[in-house]
Amino acid sequence: TPEKDESLRLMFDNINVWNEFTNRSRIFTKLEFDAPLSTRKFTGLFRNPELTSPQGFQKEAEKAVRRVKLLINRIVNANTDEELRKVVKNLDRLSDVLCSVIDTAEFVRTVHPDQRFSQEANRIYEYLCSFMNSLNTNRELYQVLKRVMSTPSIYSQFSSEERQVALIFLRDFEKSGIHLPSSDRDKFVQLSDKIIALGRKFTHSQPSKSTKIIEVEASCLDGYSTKNGDTARLSAKPWEAQMILKLIKDENIRKEMFIASNSATKEQTDLLENLLRTRGELARLLGMDSYSHIFLIDKMIKNPDNVQTFLRTLADHHRPKALTDLYLLKEAKRQEMKRKELPTVNAWDRDYYTEKVKASSTQPMIPISPYFSVGSVIQGLSRLFSKLYGISFEPSEILPGETWHDDVRKLNVIDEQEGKIGTIYCDLFNRHGKYLNAAHYTIRCSRRVDDDDSIGDIPSDIDVSEIGELATPEQGVRLHGRNGRYQLPIIVLTCDFSKPKDGKPCLLSLVEAETLFHEMGHAMHCG
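Per an unreviewed UniProt entry, the recorded name for the protein is 6623_t:CDS:1, and the organism is Cetraspora pellucida.

How would you explain the overall build of the protein if you had to name every residue and give the values?
A count of helical and extended segments in the protein gives 20 helices and nine strands. Its C-alpha atoms give the protein principal-axis dimensions of roughly 90 × 55 × 45 Å. Across the 527 residues in the protein, those meeting the buried criterion constitute 41%. When contacts within the protein are restricted to residue pairs at least 6 apart in sequence, long-range pairs at least 24 apart make up 67% of them. Side-chain charges in the protein split into 75 positive and 75 negative, and the spacing between the mean points of these groups amounts to 3 Å.

Just give me the short version of the side chain of T137, but keep the residues and values in it.
By the secondary structure assignment, T137 is in the loop between helix 7 (115-135) and helix 8 (139-149). In this structure T137 comes out as buried when scored by relative accessible area, which is 9%. Polar contacts involving the side chain of T137 include one to the main-chain carbonyl oxygen of S134, which spans 2.8 Å. For T137, the contacting residues outside a window of four places in its chain are S176, I178, R185, F188 and V189.

Explain the packing of helix 7 against helix 11 (residues 182-204) residue by residue, including any values.
Two elements in contact, helix 7 and helix 11, have axes whose closest approach is 9 Å; the angle formed by their N-to-C orientations is 155°. If you check the angle between helix 7 and helix 11, you find them roughly antiparallel. In terms of crossing hand, the pair formed by helix 7 and helix 11 is right-handed. Seen from helix 7, the contacting residues are S118, N122, Y125, E126, C129, S130, N133 and S134; seen from helix 11, they are F188, V189, S192, D193, I196, A197 and R200.

I'd love a proper account of the nonpolar core, names of residues and values included.
The biggest cluster of nonpolar side chains holds 58 residues, and the ones touching the most others in it are F46, L98, F107, L145 and W404. Listed by contribution, the elements that provide at least two residues to this core are helix 4 (56-76), helix 6 (87-111), helix 7, helix 8, helix 9 (152-155), helix 10 (160-175), strand 6 (439-444) and strand 9 (490-497). Considering every element that reaches this core, the biggest residue donor is helix 6, with 12 residues. Leaving out residues up to four positions away in the same chain, L145 has contacts with V88, L91, A166, F169, L170 and F173. Within the second largest apolar cluster, 31 residues are counted, among which are M11, L411, F429 and I491.

Any details on the pairing of strand 5 (residues 419-429)? Residues and values, ideally.
Counting buried positions along strand 5 gives 10 out of 11 residues, so the element sits mostly inside the fold. Counting the residues that bridge the hairpin from strand 4 (residues 409-415) to strand 5 gives three residues. Here strand 5 pairs with strand 9 via six bridges, running parallel. In the strand pairing of strand 9, Y425 is matched with V492.

Describe the pattern of salt bridges, listing the residues and the values that go with them.
Taken as a whole and judged by the stated rule, the model has 46 salt bridges. The partner of R74 in a salt bridge is D453, with the nearest N and O atoms 2.5 Å apart. One end of the pair, R74, is in helix 4; the other, D453, is in the loop between strand 7 (447-448) and helix 19 (464-467), with 379 residues separating them in the sequence. The partner of E474 in a salt bridge is R444, and the shortest N-O contact between them spans 3.5 Å. With a gap of 30 residues between them, E474 in the loop between helix 19 and strand 8 (486-487) and R444 in strand 6 connect regions that are remote in the sequence. Judged by its relative accessible area of 24%, R444 falls in the partly exposed class. Connected via shared salt-bridge partners are R67, R74, E82, E83, K86, R93, D453 and D457.

Requested: an account of the sheet that holds strand 5, with residues and values cited.
In space, the five strands of this open sheet follow the order 3-4-5-9-6, with mixed pairing throughout. Lying at the two open borders of the sheet, with one neighbouring strand each, are strand 3 (391-395) and strand 6. Between one strand axis and the next, the sheet turns by 30° as a mean value, whatever way the strands run. Here strand 4 pairs with strand 5 via seven bridges, running antiparallel. Directly across from K410, in strand 5, lies its bridge partner Y425. Across the face of the sheet, helix 20 (residues 510-526) comes into contact with strand 3, strand 5, strand 6 and strand 9 while running at roughly 170° to strand 9.

Each value, and the rule that gives it
- Residues numbered from 1 in each chain as written.
- Predicted model: local features only at pLDDT ≥ 70, side-chain atom pairs only at ≥ 80, totals over all residues.
- Heavy atoms only, no water.
- Helix = DSSP H or I, 4+ residues; strand = E, 2+ residues; numbered from the N terminus.
- Buried < 20%, exposed > 50% of the residue type's maximum accessible area, 1.4 Å probe, protein only.
- Contact = heavy atoms within 4.5 Å.
- Lys, Arg positive; Asp, Glu negative; His and termini not counted.
- Charge placed at Lys NZ, Arg CZ, Asp CG, Glu CD.
- Polar contact = N/O pair within 3.5 Å; in protein donor to acceptor, adjacent residues only side chain to side chain.
- Axes fitted to C-alpha atoms, helices over the stretch in contact; angles between N-to-C directions.
- Parallel < 35°, antiparallel > 145°, perpendicular 65-115°, else oblique.
- Left-handed = near helix turned anticlockwise from the far one by under 90°.
- Core = buried A, V, L, I, M, F, W, Y, C linked by side-chain atoms within 4.5 Å.
- Pairing = 2+ DSSP bridges.
- Salt bridge = Lys/Arg side-chain N within 4 Å of Asp/Glu carboxyl O.

Rendered as structure tokens:
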């Protein structure tokens, strides 16, 4: 309806409309998170009642592992045609049970502002990833899958989707060194765990303060400094560095800022080198030329040589236009320096002289940002998806405790025939301490669940009460026009746009609008 379409825009552009819509104006304080579970009156993250506190991740992991161990036992002991026919489905269920916790933990460890949540999520993430890696080297599971795929009376009954899923699992086993001796498979798990830990440390390591501040003469800042003394201290954080590189005439200052904002500490360099060495060791263990060969083997591009060919072809195609643009920058620098010959344009010159070329253009530059508020772009995406796929977005209320910050918006994804088919949480605005990269996260995938047969996971000779609490089977929902019941996907999009303030919306540059389109494309694909 027109009303929902307009409210979709306003929920991102007007904070008062958003607060009124959600009927809330705050997130819970540390004291409320520390309160006894019995006294809390709110839900957990993503409406998971266990995730009202960081300790909930441990409980979720324990329940998942218990369910997975039952599934492993069921799969490796599958002997009848009926049970062998369910092996691929049960492997998919096994993966979903683990990934529902792993994927949630991966997101929370990266984005949640509460360090207690992020640290516990990281611990559980590393623990379950290690557990998953050990399953990928489990020969009993691999042999059962091979048996199913080599039995015509069973495999011929599989749908094309089931065959594709079976092939994905087979490749996962083979990429994990299933062919190696036991000691080497153990080594694979150890190296994989180390790669995860090093990757986390590298992406979250913070440069020392000395690499993030430069001191310059205030008189050289072309009036942009509010410093009254002789010296100005400039932060090399991304936004400040971008402004210096765009606006300051003094090339030495731009150079110093460029180097400061792109430099790494010895700690970061050591972490990266350790990570690369460990990846190389893993590749050699698997008999591969490089880690990139492992990573790309099941991707569309297949190998690093194809990547290089693609990039070279792309570069060759764009080189004439790039050289034309580079000439404009050189000419702008030559004129400003009052030189006869064309000078070299350095990396720290690019943004400054790009602004000069724009300003000198005879064609008036029509600003586009006023047309691209965050809300307008979300509204436009909804309209576009409606025209293309019959899918649109609707604002959704958020329960207390459901999200990690009160800037987060929630969208229901509505199919014009099937009804609600998924949920997208949008964490689009910047805040102190937030991970800067735009990204998407799959918290829960979509799959059919009414034929899971979870009762068959528990052997008849086992007392259910002695097993402990299990990950609860997803009941799913019915979709109009489809048979069965389905688990609906949950996606999170994160960006780093300026927060609306003083009643004014955040206006996006063309690059930022493209970023939002890109991440929403991931959301549509993952859902």
